[in-house]
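# Tertiary structure, described
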Amino acid sequence: MVMARIRYSSSPVVDGHPLLDEPGFWPAHLADLSEGHPPEAFGSDAGDAAAMLDQLHDPSAWPTFTVPLAGGFTIVVHYNNGEEFTTTDYLLTHPDWSQDLVLASDDQDRIGPGLCWPELAALLEAPRGAAGVTDPHARLLLLLPVLGDGAVPEEAVTAVVQALVAQGALEPSESLARHLLQGHPMWGAERWWFDEEERSWICEGEHSPRKVPLGDHLPPNQRAALEACLT
């Protein structure tokens, strides 16, 4: 599993959660996945989507979103906006860890995919009383770039269609949902299999951090908690 940089303590990080309700957020956040589908497919105006993309990529303010999970785990979605390049990191964190695990990153190292569909489906419900992104539809769409599963079931298509409508799409779009489920263009959709002995999903993708069991370096109690969180 790829260990993250110790997280951006000197960077201009800002709370991104208010942006979730702003016009144009979803076509901007999912721009790399939705090529060929206009912002109107999300129920957004093209001008709003362009303005939001500029805001998400602002070098002076790096938006960060937190997706709380069971057991004290969190997925942090972090826009890393340099003067020349913007990347988005998806980090798995825990208060007991000194460094975060990289689930996916669209920087030059091309890290991903980091989740298969059974894991993402298990993360849609937030723990009771948690803070951060708690709406299951928003959680699904926010984490879609981490997904890269070549065997997503029809229930995944249905879930994405429902999430798009719940987040502002004017009409159900199976075409857009299927396109979004093809995976990030940097790593696409890969084959996954479940290692019964390790109790972990394994990805065969060349760039995936999941070629080894998730959390294989952790103490047994933390490893067990992480397994429970993702199932």
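Residues numbered from 1 in each chain as written. Predicted model: local features only at pLDDT ≥ 70, side-chain atom pairs only at ≥ 80, totals over all residues. Heavy atoms only, no water.

### A look at unusual backbone geometry
We apply this condition: For the purposes of this entry, the term helix denotes a DSSP run of H or I that reaches at least four residues, the term strand denotes a run of E that reaches at least two, and both are numbered from the N terminus.
Residue Pro113 follows Gly112 across a cis peptide bond; omega there is 0°. As for its placement among the helices and strands, Pro113 is situated in the loop between β6 (101–105) and α3 (117–122). Phi at Arg110 takes a positive value of approximately 55°, unusual for a residue other than glycine. Relative to the elements of secondary structure, Arg110 occurs in the loop between β6 and α3. The phi torsion at Arg199 lies on the positive side, around 60°, for a residue other than glycine. When you line up the elements, Arg199 lands in the loop between β7 (192–195) and β8 (200–203).

### Considerations on helix α2 (residues 46–56)
Applied cut-off: The rule is simple: take the accessible area with a 1.4 Å probe, protein chains only, and divide by the maximum for that residue type; under 20% is buried, over 50% is exposed, in between is partly exposed. Here the arc refers to the directions that run from the helix axis out to each C-beta atom. In this analysis, two residues are considered to be in contact whenever any of their non-hydrogen atoms come within 4.5 Å of each other. Nitrogen and oxygen atoms within 3.5 Å of one another constitute a polar contact, given that in protein one can donate a hydrogen and the other can accept it, and given that sequence-neighbouring residues count only through two side-chain atoms.
When α2 is considered as a whole, its buried residues turn out to be Ala49, Met52 and Leu56. Take α2 and look down its axis: the buried residues cluster within an arc of 65°, on one side only. Packed against the buried residues of α2 are α1 (25–29), β3 (62–68) and β4 (74–81). The N-cap of α2, judged by a side-chain oxygen 2.8 Å from the amide nitrogen of Gly47 a few residues on, is Asp45.

### Some thoughts on the confidence of the model for the protein
The cut-off we apply is this: pLDDT expresses how confident the predictor is about each individual residue, on a scale running from 0 to 100.
In this model, the protein carries a mean pLDDT of 92, and residues with pLDDT of at least 70 account for 95%. Here residues 1–6 scores under 50 on pLDDT; set against residues more than four positions off or in separate chains, the count is 25 contacts.

### Observations regarding helix α4 (residues 136–143)
In an α-helix, one turn spans 3.6 residues, which is why side chains three or four residues apart end up on the same side. When you tally the buried positions in α4, you get six out of eight residues, the bulk of the element. Among the residues of α4, Ala138, Arg139, Leu140, Leu141, Leu142 and Leu143 are the ones counted as buried. In this structure, the buried side of α4 is in contact with α1, β3, β4, β5 (86–93), α3 and α5 (154–166). The opening residue of α4 is Asp135, an N-cap whose side-chain oxygen sits 3.0 Å from the backbone nitrogen of His137.

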